[in-house]
2 protein chains.
Amino acid sequence: MEKEQLGTLLRDLDALKQHPDDHASTIDRMRERLAAMMNPAAGAASRSKIKDMSAEVVDNNPYSRLMALQRMGVVENYERIRDYSVAIVGIGGVGSVAAEMLTRCGIGRLLLYDYDTVELANMNRLFFRPEQVGMTKTDAAVQTLSGINPDVVLESYSLNITTVKGFETFLASLKARSSDERSTGVDLVLSCVDNYEARMVVNQACNELGQTWMESGVSEDAVSGHIQLLVPGETACFACAPPLVVASGVDERTLKREGVCAASLPTTMGVVAGLLVQNALKYLLNFGQVSPYLGYNSLKDYFPAMEMRPNPQCSNPACVQRQKEYMESKPARDAAAKAKMEAEASAENECPVHVDNEWNISVVDDDETGTSSIRNTPYILPEGLVRELPDADSYAEPAAPASSSAIDDDLEELQRQLDALNAS
Amino acid sequence: MEKEQLGTLLRDLDALKQHPDDHASTIDRMRERLAAMMNPAAGAASRSKIKDMSAEVVDNNPYSRLMALQRMGVVENYERIRDYSVAIVGIGGVGSVAAEMLTRCGIGRLLLYDYDTVELANMNRLFFRPEQVGMTKTDAAVQTLSGINPDVVLESYSLNITTVKGFETFLASLKARSSDERSTGVDLVLSCVDNYEARMVVNQACNELGQTWMESGVSEDAVSGHIQLLVPGETACFACAPPLVVASGVDERTLKREGVCAASLPTTMGVVAGLLVQNALKYLLNFGQVSPYLGYNSLKDYFPAMEMRPNPQCSNPACVQRQKEYMESKPARDAAAKAKMEAEASAENECPVHVDNEWNISVVDDDETGTSSIRNTPYILPEGLVRELPDADSYAEPAAPASSSAIDDDLEELQRQLDALNAS
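Just so it is clear, the structure is predicted and the values come from calculations on it, not from any experiment. The residue numbering used here restarts from 1 in each chain and proceeds along that chain's sequence as written. By the order in which they are written, chains take letters starting at A while ligands take numbers starting at 1. Given that this is a predicted model, residues contribute local features only at a pLDDT of at least 70 and side-chain atom pairs are listed and counted only at 80 or more, while totals for whole chains, interfaces and linings are drawn from all residues. In computing side-chain properties, one takes all heavy atoms of the structure into account and sets aside hydrogens as well as water.

Peer 1: Any details on the sheet that holds strand S3 (residues 153–158) of chain A? Residues and values, ideally.
Peer 2: Residues and elements named next belong to chain A. By the convention used here, strands pair only if DSSP detects at least 2 bridges between them. For the purposes of this entry, the term helix denotes a DSSP run of H or I that reaches at least four residues, the term strand denotes a run of E that reaches at least two, and both are numbered from the N terminus. Pairing is mixed across the open sheet formed by 7 strands, whose spatial order is S3-S2-S1-S4-S5-S6-S8. What marks the edges here is a single partner per strand, and that holds for S3 and strand S8 (293–297). Here the average twist between neighbouring strands, direction ignored, is 15°. Examined bridge by bridge, strand S4 (residues 188–191) and strand S5 (residues 213–218) share 3 bridges and lie parallel to one another. Paired with Val189 across the strands is Trp213, a residue of S5. Taken strand by strand, helix H6 (residues 164–175) contacts strand S1 (85–89), strand S2 (109–114), S3 and S4, and its axis lies near 175° from that of S2. Fitting a line to C-alpha atoms yields each axis, with helices limited to the stretch in contact; the angle taken between N-to-C directions then spans 0 to 180 degrees. Two residues form a contact once any of their heavy atoms are found within 4.5 Å.

Shown next, in the form of structure tokens:
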């Protein structure tokens, strides 16, 4: 399309050269054409904003394949995605792809945070293009994302959240659309940063605000990654790792010195971004099961899963406070859950969630053993952390709920037998 | 950058209007500028070609993070990627992202096949942009990919491989750089098509040519997907599914009729593309383990794995012929494998593959139970197929290798116990 427009301009120039006498009207026409090209969102080349999401199946409906999720019985009300705001911290190899996925899904509002600029050295990951080298990552992201979907409200912050001023702006932006001091104006925060310090800052902000967030990471050798759900008070926070574990003293700057750098692959980062946003969609649109923790070992295509309970001795006071509130609200929560279950049970009698689709296509009926057999795996350390003392399992862990502890023991024993067999 | 170029053109036009006398030189300057914009790979805005991949860590080296895979001990010789050719059939939600990943990884040559044009209805998946609506998918892909990495040789074919003429061109293009009638000029074929008929055509071509390929797919409800490795004669081909399984008669065109369409998500497709290309990289660059089959169930974040042996009664004669050749070449293969193992064993004594890295970062030590415990899962049917008779397990399966069957039985028994406990 663009090439076509440039071709038309080229022909106009030829006409101008041959007939310099009526140059004024030709020049005006070319001016208009150029202006339209400079503002593609307003031009015919790009698409205009769309007021309501339509499920109509026509070639020019960008939402038809998403609204089809309702007809397929996967999502109850897809259009609710327009009501949600998601903040993405770190617009690198994972964050930029996560932002593009949410943009193409038609998320209501995206808040983007990064302090870096685009370099050619980033070109081995998806999203940024060579002609964006030198732009801030946030500016480049807004340029690309607004062209893809003008319906999404984009807010970008080119700042370092680990500085005092940066942290203040970060907190204020999360709270901006909230009327309540203790809640935020966003529905989910996705952490896509590449260092320990920034993760601790996101953790601090989310603990203070009681904000649910998801963490993601990719290993320095580029072949492993993970995502994790963090609900202040309910799950382990990023500082809840056993107190016997200390940071190994990795300095982010050492990874950037001349002659040394971490490896990265567009594949690993694309998979981690996909798993992250898929779980974000499940969380926001209320379908499937949100993974508490999911690892990705690409060398073996192995995906460890586990759950992490909060640590009552967590070093983060805001986390301990959220844990206390969570315990106190248990009776109210139980009552609400019971009421919801009863309501759903009566609703399901009227309309089953999974109906046969009309093309007679059967979806593979996966059994659950792959993930559930490893739910009981002990703590996996966050990246950048190593154990300096014996394994945390040798020490007292927070007590497991009484009802499941007997099962856990049996599972562990079975797991050991399974491991021994696999090793043989 | 592009906006800047357009702005310069606008200023040129203003100058032209004010000083129509020296129009000739202004017009020539504008012509040059337009020509450069129409061919961005050659322009200053984009990067120029790079002769040798460098591991130097500077901001303007697009390969530094990939060459770092060597220093990390993951890949022995990353630059070999430039020697490889990969064909991608179907440039849709999975194929386009796979093409971008391989392009950013610096693959030597990419062959792209699709007959479709870009529509706004494709915008809920990664890669294509609204301003490309109306272009053929192959043209749009070449436009984007050549801008990202001019080092990759791109060949595109806008054709339907399921037509007689399309199939001939497809076969000829795969063989083009080969001197031998029975081998091809490509190292791997990735099937990213969305229908049964096209998969059978790729299967036919690869069986005829003895070409290793990988198949990928995403379910019509957008929440599941899979990848599969197919080595003619050695693994099951796409037609090897038990003869008791027949196509359910899904007509690709029914998915496109007015008012009805399959759902799709950028997340599921991004994950499948990432898993596919990651396994392609493992296969080409010889690291990690290539998955014979890997499923992705996004609702539960469950990843079933399995292996499928070829069916001696396969309906595809070329498959049966490749199976025969594979059996006949077994003694030679065993001897070669033994020699290779011995060579590697002596090389490893000199230089261990996994050395400690200098930042004291420890990679999570994943255990293997997640995937290996389900290697023994029975056949999962390809998409679009349903069993019309009882499950294939009730019938004789090809015998498992004798050495592992005892272990398999024990694993199955343990798995059953584990399932029972998890269900309780």
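Peer 1: An account of empty space enclosed by the protein is requested, with residue identities and associated values reported.
Peer 2: Residues are called lining when one of their atoms sits within 4 Å of a cavity or pocket point, these points coming from a 1 Å grid over the protein atoms alone, where a cavity is a set in which a 1.4 Å probe fits but cannot get out and a pocket is an open set with protein on both sides within 12 Å along at least five of seven lines. Grid points are joined across faces, edges and corners, and a volume is the space filled by probe spheres set on the points. Taken as a whole and assessed by the stated rule, the structure comprises 10 cavities of 30 Å³ or more. A volume near 180 Å³ is recorded for the largest cavity. Lining the largest cavity we find 16 residues, and of these Glu100 and Phe127 of chain A together with Glu100, Arg104 and Phe127 of chain B sit closest to its centre. Among the residues making up the lining of the largest cavity, the classes are represented as 8 nonpolar, 2 polar and 6 charged. In this classification, Asp, Glu, Lys and Arg are treated as charged, Ala, Val, Leu, Ile, Met, Phe, Trp, Tyr, Cys and Pro as nonpolar, and every other residue, Gly included, as polar.

Peer 1: An account of the packing of helix H4 (residues 95–104) of chain B against helix H8 (residues 266–285) of chain B is needed here, citing residue identities and associated values.
Peer 2: A pair of packed helices is captured by two measures, namely the crossing angle of their axes and the spacing between those axes. All names here are of chain B. At a closest axis distance of 9 Å, the pairing of H4 and H8 adopts a crossing angle of 45°. Classed by the angle they form, the pair H4 and H8 counts as oblique. Handedness of the crossing formed by H4 with H8: right-handed. Across the interface between the two elements, Val97, Ala98, Met101 and Leu102 from H4 touch Gly270, Ala273, Gly274, Leu276, Val277 and Leu281 from H8. Within the contact of H4 with H8, the residues separate by chemical class into 8 nonpolar, 2 polar and no charged. Each angle is binned into one of four classes, with values under 35 degrees roughly parallel, values over 145 roughly antiparallel, values of 65 to 115 roughly perpendicular, and all other values oblique. Each helix crossing is assigned a hand: it is left-handed if the near helix lies turned anticlockwise from the far helix by less than a right angle, otherwise right-handed if that turn is clockwise.

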